[in-house]
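Per-entry structural report
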Amino acid sequence: MASTEGLVPITRNFLASYYDKYPFAPLSDDVSRLSSQIRSLADDLLLHSPPSQDETLLIQEADRQPPHKIDENMWKNREHIEEIIFLLERSHWPAALQQPSTPEDAESAIALAQLTEKLKKSLNVLVSFQSTNSERIFNTVMTYMPQDFRGTLIKQQRERSERNKQAEVDAVVNSGGSIHDRYALLWKQQMDRRRQLAQLGSATGVYKTLVKYLVGVPQVLLDFIRQINDDEGPMEEQRQRYGPPLYSLTAMVTYIRLLFSLSWRRFNASKLERHQVAVLEQAVDVYTSEFERFITFISEVFANSPFFISAEVAGESRNNEEYKEVSVPAGKSYEVSLTVESVNSYIAWDFSLIQGKMNMDIGFSVECTNPAGEKTLILPYRRYESDQGNFCTCMEGNYKLVWDNTYSTFFKKALRYKVDCIPPVVEPVQSKNEEEG
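Values in this document were obtained by computation on a predicted structure and should not be read as measured data.

Moving on, we get to a nonpolar patch on the surface. Taken together, the side chains of Met358, Phe410 and Phe411 present a nonpolar region at the surface, about 370 Å² in accessible area. Within the fold, Phe410 resides in the loop between β9 (397–404) and β10 (413–422). You can call Phe410 exposed: its relative accessible area is 71%.

Before going further, it helps to spend a moment on the side chain of Arg266. Along the chain, Arg266 falls in the loop between α11 (234–265) and α12 (274–304). What makes Arg266 buried here is its relative accessible area of 6%. A polar contact of 3.2 Å, which involves the side chain of Arg266, links it to the backbone oxygen of Pro50. If we skip the residues at most four places from it in the chain, Arg266 touches Leu45, Leu46, Ser49, Pro50, Pro51, Glu55 and Lys271.

Here the focus is the pairing of β10. Consecutive side chains along a regular strand alternate between the two faces of the sheet. Among the 10 residues in β10, eight count as buried, and that is most of the element. Sheet analysis places strand β3 (residues 324–328) next to β10, joined by five bridges and oriented antiparallel. When the sheet's bridge partners are listed, Ser327 is paired in β10 with Ala414. Where strand β5 (residues 346–353) lies against β10, eight bridges are found, and the strand directions are antiparallel. If you follow Phe351 over to β10, its bridge partner there is Tyr417.

In terms of nonpolar packing, the biggest core is built from 60 residues, with Met74, Tyr242, Ile256, Phe260, Trp264 and Phe291 touching the most fellow members. Only α1 (12–19), α2 (29–46), α3 (53–63), α4 (70–88), α6 (103–143), α11 and α12 provide two or more residues apiece to this core. At 14 residues, α12 tops the list of elements feeding residues into this core. When near neighbours in sequence (up to four residues on either side) are disregarded, Trp264 contacts Leu87, Leu88, His92, Trp93, Pro94, Leu97 and Leu112.

Our next topic: the sheet that holds β3. Within the open sheet, the four strands sit side by side as β3-β10-β5-β8. Their pairing is antiparallel. The open sheet has two edge strands, β3 and β8 (386–392), and neither has a second partner. Ignoring strand direction, the axes of neighbouring strands in this sheet form an average angle of 25°.

Conventions we followed
Sequence order as written defines the numbering, with residues in each chain counted from 1. With the structure being a predicted model, the display of local features is reserved for residues of pLDDT at least 70 and the display and counting of side-chain atom pairs for 80 or more, all residues being used for whole-chain, interface and lining totals. The side-chain quantities take in all heavy atoms of the structure and omit both hydrogens and water. Only residues whose relative accessible area exceeds 30% and that take part in no salt bridge are eligible for patches, with like-charged residues grouped when within 9 Å of each other and nonpolar side chains (Val, Leu, Ile, Met, Phe, Trp, Tyr) grouped when within 5 Å. Each accessible area value is a Shrake-Rupley result obtained with a 1.4 Å probe; residue values ignore everything except the protein chains displayed when judging cover. The rule for a salt bridge is simple: a side-chain nitrogen of Lys or Arg has to be within 4 Å of a carboxyl oxygen of Asp or Glu. The helix and strand labels rest on DSSP assignments: H or I over at least four residues marks a helix, E over at least two residues marks a strand, and numbering proceeds from the N terminus. Note on classification: 1.4 Å probe, protein chains only; a residue is buried when its accessible area is under 20% of the maximum for its type, exposed when over 50%, partly exposed between these limits. Distance and chemistry together define a polar contact, namely a pair of N or O atoms within 3.5 Å, with one atom able to donate a hydrogen and the other to accept it when in protein, and with adjacent residues in sequence counting only for side-chain atoms on both sides. The contact criterion used is simple: two residues touch if any of their non-hydrogen atoms lie within 4.5 Å. Two strands pair if DSSP finds at least two bridges between them. Remark: nonpolar core denotes a set of buried residues (Ala, Val, Leu, Ile, Met, Phe, Trp, Tyr, Cys) joined through side-chain atoms within 4.5 Å. Lines fitted to C-alpha atoms define the axes here, with helix axes fitted over just the stretch in contact, and angles between the N-to-C directions of these axes take values from 0 to 180 degrees.

Below, the structure is given as structure tokens:
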């Protein structure tokens, strides 16, 4: 478990100064030029043939501003790339291209086949980026989690959640769902992951009993994962700084897909001329090269971005409200009692002595009294300067944590501690209203 002492989550102001070190070189002018040409060619195809219902939805998307969130743009690019690759499969070509009857059609067929490989390469780069970034955030969270049952439970919850998500995707594919259906689900799942992070940060949902009652989970970590995706939080600086070039690329790939979609359905009546295919070739070439350049750049920025900074840098101060401090007089002991109502609950503690000129220690032990009044020693007596630990209960009853200073004749001990009891973690059943929301 990495230490978070003296740290606070990154602030938007700090992130702005950090991003000043990572300016993104402007996109090629060819992006806007070719985007305009592609959109103009698409509009020309609609002059004599009104759009279908599906085409209308795509046109409406092309007319809208791209999404504001960075990750939503990534998913949109991924969806459109897959849709274009689907259209570029030979079996989905217009008949005139599948069996070209003119040299011009033959040249167009060869050119289209080459575009597929470029798009597949960009798709692989994007998929790798998304996977790496997701793992990096989760691994950062786990780095600052206590390396005991808490981390294990959170990992198990995440693994179970990801298995369920993959099963949902497989079900959509196996039932004949479209590429759009699959990506609508993938984006919904991404938002679910965000909600789970927020739940972990604010100790709600499945994490309510896991975090709310637990000792040793750094508050700075909970603050970070609760606010990371706030609309006006630190990530908004990321959107303002690096969003515009990504938005341009999202619009460009949408136009490219729109032109392919319109052209394929109108190929017999309005066949693309060779110079128009050349525009598409150039557009795909520029899009894939610039998109991969952006992904490579943003990958480096994300990999080096700080998650935590010192409280002094942030201009904040932190307190330790979750910990209590008591003075244990010489010759006395101090006790805390916890009532356990369910077997397989966890008792957890974290304590230390506030040291002066001399290093001090204090005795510590745990005992349980069951409902019948029988006492059992759970943790044998031992002297510590500090300790953090936990155990899973095997019986109901009253658990007493005892700090013993009876052996000391002269020295009182300043004890700083936190103790908690966590009931068995059970994933709550989602209500119908929650599912609809």
